[in-house]
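What follows is the residue order along each chain.
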Amino acid sequence: MKKCFFSLLCLLSSVMSVSGQVIDTGAIRSGRSVPYVVRPDSAGGVSYSPSLRSRAKGGDVQAQYDLAVCYDGAYGVRKNRRQAFRWFKKAAEQGMVKAQNTLGLCYFFGYGCLGNCRHAAGWFRKAAAHNNPAALYNLGVCYTYGLGVPENDSTAVTFFRQVADSGYAEGQYQMGVSYENGFGVVADPRAAAVWYRKAAEQGYMPAQYNLAACYERGIGVVADMNESLRWYERAALRGSVDAMYNLGVIYGQGEGVERDTIKSLAYYTMAAKKGDVASMYHLATSYLTGEGVEAADTAQAVYWMGTAALRKHVDALHDMGYFFYLGVGVEVDYEAAFRCFLKACDMGDIDSAYMLGLFYEKGFFVWRDPDMAYTYYELAASYGHEGAGLKLKQMQ
């Protein structure tokens, strides 16, 4: 079962419902650039025209902002980040609050300018002084990570609370995270569950997922598997891959519900198609054994096992090693098997260490090398692998 999104770094959604624009923390994690700073659904249907540019040049602050949006989203004009930044800055300097927040995002992500988190926090603060919810939220993120300001969870919570008290789901969710983990407040699981519920009932997917996990584990609420399933299913419908995976586990193992392997496989398939590696592995084993499917399908088992192995799932690497070693759904290929076992061993898989010992003992793909065989058998045996222990006795 996957854990709740109890880390701020792991939890923030890249698509927010707060009016205005907020930091895409997924971009912070990955280091990727952002495609725009004003979401298409917030662009207001603007389109470039010579008259719009003329009004912007004449100092019309709304025209300056709209012209920036046009350059940002390529609405009737070629996309130009530098021009977008230029016109957002002009509007912000004239005191337009939403432009100040958007300019903060430009500095935060280096969008059309050199990135500068101190400048970003400064512009967020200007907009936050006017109680702009997006700016308050963004300033909270800055204090959470210490970006442009000193890291301070208590200060971050102050800003998140203002957003939450105004009824915005993102702020409510962050208050739940804060109370769950004791970030800037005294840890209080009950308060966490209350805030998660507020955000979840607004349809905010990360909160729906966390609330489901609270009901599953009895965190701040009385454990209730039916409620847990209800919220996991809502989160899954909104695209939560982790919720899909957890539903696969719950129905597959019959945890508090009637076991349903078909439903389990359906959720694993949904998650796997969205790139979840653990779900790929579960699918592979289901197709290999025939459990939850109409009939075993070795080709599908190899496909999903191989896909998971390519994404460095240790169990998938180990099992693909055996597929190549024994010729399960593929031609026997000792070299490919050796490489799979080696990668899995490097990731801590003990049986793969045993298999490497066997390869060196028998000379499969590699030259026979009793010393290397002994080394790998000794490694596996040190972690309790019985077969490796017997091999060591035979070699002594």
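Residues numbered from 1 in each chain as written. Predicted model: local features only at pLDDT ≥ 70, side-chain atom pairs only at ≥ 80, totals over all residues. Heavy atoms only, no water.

Trainee: Lay out the overall build of the protein with the relevant residues and their values.
Mentor: From N to C terminus, the protein includes 22 helices and 0 strands. The C-alpha extent of the protein, read off along each of the three principal axes, is 85 × 50 × 45 Å. The buried share of the protein, reckoned over its 396 residues, is 50%. For the protein, restricting intrachain contacts to residue pairs at least 6 apart in sequence, the fraction spanning at least 24 positions comes to 51%. About 18300 Å² of surface is accessible on the protein, with carbon and sulfur atoms providing 50% of the total. Positive and negative side-chain charges of the protein, numbering 39 and 38 respectively, have mean locations separated by a distance of 13 Å. (Helix = DSSP H or I, 4+ residues; strand = E, 2+ residues; numbered from the N terminus. Buried < 20%, exposed > 50% of the residue type's maximum accessible area, 1.4 Å probe, protein only. Contact = heavy atoms within 4.5 Å. Areas by Shrake-Rupley, 256 points an atom, 1.4 Å probe, with all protein chains shown as cover. Lys, Arg positive; Asp, Glu negative; His and termini not counted. Charge placed at Lys NZ, Arg CZ, Asp CG, Glu CD.)

Trainee: Describe in detail the pattern of salt bridges, supporting the description with residues and values.
Mentor: Under the defined criterion, the tally for this structure stands at 7 salt bridges. Taking the shortest distance from any N to any O, the salt bridge between Lys79 and Asp72 comes out at 4.0 Å. Close ionic contact of Lys89 with Glu93 constitutes a salt bridge, the shortest N to O distance being 2.5 Å. Linking Lys89 with Glu93, this pair stays in helix H5 (residues 81-93), spanning 4 residues, or about one helical turn. Classification of Lys89 by relative accessible area gives partly exposed; the value is 26%. (Salt bridge = Lys/Arg side-chain N within 4 Å of Asp/Glu carboxyl O.)

Trainee: Run through the packing of aromatic side chains, naming residues and quoting values.
Mentor: Any aromatic ring pair is given by two values, namely how distant the centres are and how the planes are angled relative to each other. For the structure on display, the rule yields 27 aromatic pairs. An angle of 75° between the planes, with centres 6.4 Å apart, marks the rings of Tyr322 and Tyr325 as edge-to-face. Here Tyr322 pairs with Tyr325, and both are found in helix H18 (residues 314-326), just 3 residues apart, close to one helical turn. What makes Tyr322 partly exposed here is its relative accessible area of 23%. Judged by relative accessible area, which is 18%, Tyr325 ranks as buried. Here the basic side chain of Lys126 rests over the ring of Trp123, its NZ or CZ set 5.4 Å away from the ring centre. Here Lys198 stacks its cationic end above the ring of Trp195, 5.8 Å away from the centre of that ring. (Phe/Tyr/Trp six-rings, centres within 6.5 Å; stacked < 30°, edge-to-face > 60°. Lys NZ or Arg CZ within 6 Å of the ring centre and 35° of its normal.)

Trainee: Tell me about the nonpolar core, residues and numbers included.
Mentor: Within the largest apolar cluster, 86 residues are counted, with the highest numbers of intra-cluster contacts made by Tyr65, Phe88, Phe124 and Tyr232. Considering every element that reaches this core, the biggest residue donor is helix H8 (residues 133-145), with 8 residues. Residues within four places of Phe88 in sequence aside, it is in contact with Val37, Val38, Tyr65, Ala68, Val69, Asp72, Ala99, Thr102 and Cys106. Core analysis: the next-biggest nonpolar cluster, separate from the first, contains 46 residues, Leu265, Ala284, Cys345 and Phe359 among them. (Core = buried A, V, L, I, M, F, W, Y, C linked by side-chain atoms within 4.5 Å.)

Trainee: Hey, could you go over the state of the cysteines for me, with residue numbers and the actual values?
Mentor: According to the stated counting rule, one finds 0 disulfides in the structure shown. Here Cys113 is not disulfide-linked; the sulfur of Cys106 is the nearest cysteine sulfur, at 5.9 Å. No disulfide involves Cys142; its nearest neighbouring cysteine sulfur is the one of Cys117, lying 6.6 Å away. When its relative accessible area of 0% is taken as the criterion, Cys142 is described as buried. (Disulfide = S-S within 2.5 Å.)

Trainee: Go over the environment of Leu392 with me, naming the residues and quoting the values.
Mentor: With respect to the secondary-structure elements, Leu392 resides in helix H22 (residues 386-395). Classification of Leu392 as buried rests on a relative accessible area of 11%. In the structure, Leu392 is positioned 215 residues away from Val177 in sequence and 51 Å away in space, judged by C-alpha atoms. What Leu392 contacts, discounting residues up to four positions off in sequence, is Tyr374, Tyr377, Glu378 and Ala381.

Trainee: Quick rundown of the environment of Ala316? Include the residues and the values.
Mentor: Looking at the secondary structure, you find Ala316 in helix H18. For the pair Ala316 and Met280, spaced 36 residues apart in sequence, the C-alpha to C-alpha distance is 9.0 Å. Every residue in contact with Ala316, bar those within four places of it in the chain, is listed here: Tyr281, Met305, Ala308 and Ala309.

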